Amino acid sequence: MESTAQYWKPVWGALERYWKPLREKREGARRRSGTLHLAQAQSNRGPRGRKKDFPDAERLVKRLVARELTLSFVPDAEQRLWRTVTRRKYQLTRNRVRLQNQLESFLEEAHIKLSSLVSDLLGLSARRMLKALADGETNQRPWPLWPISACAPHRHSCATRSARAPSSALSTGGC
């Protein structure tokens, strides 16, 4: 099979899952029956002219038999899965950082410096503060926003929170 970009991956997966086991279980099958090979089209060029699938496949098989075919390395299924998981995790992390940077930039354009109050702009406290701003909170001092983020029912008692809160935050009704 010739590889072009990423288009070979689903075909390879289907051949590996269904075709290869059938070939290996066939009566009279040799040791390497059903072995899959991947060849880069660019490193196994044919004569110039119009592409024809069947003659091109015959040419590749002849080169394989003559051991002149340059094969591509394809890791086993488990390693491919781990690579996919790692790439996906990296993409998600990169997207989260990009979103956080866009959010911080947007807030700075609106003259809101929320990153000095919270360590994570996408965290629970920051989201509650943003919701309070969206709901119309206009007080420019950050203290009234602190009790909103601290009053989750699973946290410490209200007395403990009020002991930690600035005195002006207590007057706004905190809990």
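Residues numbered from 1 in each chain as written. Predicted model: local features only at pLDDT ≥ 70, side-chain atom pairs only at ≥ 80, totals over all residues. Heavy atoms only, no water.

### Topic: the overall build of the chain
Next up, step 1: Each helix and strand in the chain was counted, giving 7 helices and 2 strands.
Next up, step 2: Listing the helices and strands of the chain from first to last along the sequence gives β-α-β-α-α-α-α-α-α.
Next up, step 3: Here the analysis covers contacts within the chain between residues at least 6 apart in sequence; of these, 41% occur between residues at least 24 apart.
Next up, step 4: Of the roughly 13700 Å² of accessible surface on the chain, a fraction of 54% belongs to carbon and sulfur atoms. (Helix = DSSP H or I, 4+ residues; strand = E, 2+ residues; numbered from the N terminus. Contact = heavy atoms within 4.5 Å. Areas by Shrake-Rupley, 256 points an atom, 1.4 Å probe, with all protein chains shown as cover.)

### Quick word on the side chain of Q100
Next up, step 1: Looking at the element boundaries, Q100 is found in helix α3 (residues 77-109).
Next up, step 2: The exposure class of Q100 is buried, given its relative accessible area of 17%.
Next up, step 3: When sequence neighbours within four positions are dropped, the list of residues in contact with Q100 reads D120, L121 and L122. (Buried < 20%, exposed > 50% of the residue type's maximum accessible area, 1.4 Å probe, protein only.)

### Notes on the nonpolar core
Next up, step 1: One finds L107, L114, V118, L121, A126 and M129 forming the largest nonpolar core, which totals 6 residues.
Next up, step 2: Not counting the four nearest positions on each side in its chain, L114 is found in contact with L107, L121, A126, M129 and L130.
Next up, step 3: Within the second largest apolar cluster, 5 residues are counted, among which are W8, W12, L36 and L38. (Core = buried A, V, L, I, M, F, W, Y, C linked by side-chain atoms within 4.5 Å.)

### Some points on the confidence of the model for the chain
Next up, step 1: Of the residues in the chain, 74% reach a pLDDT of 70 or more, and the chain-wide mean stands at 75.
Next up, step 2: Helix α7 (residues 167-170) is the least confidently modelled element of the chain, averaging 43 in pLDDT, while α3 averages 93, the highest of any element.
Next up, step 3: This model gives residues 143-175 a pLDDT under 50, and the stretch forms 37 contacts once residues within four places in sequence are excluded. (pLDDT = per-residue confidence, 0-100.)

### A look at the environment of E16
Next up, step 1: Mapping E16 onto the fold places it in helix α1 (residues 8-25).
Next up, step 2: For the pair E16 and T35, spaced 19 residues apart in the sequence, the C-alpha separation amounts to 8.9 Å.
Next up, step 3: E16 has contacts with P21, L36, A77 and R80, leaving out every residue within four places of it along the chain.

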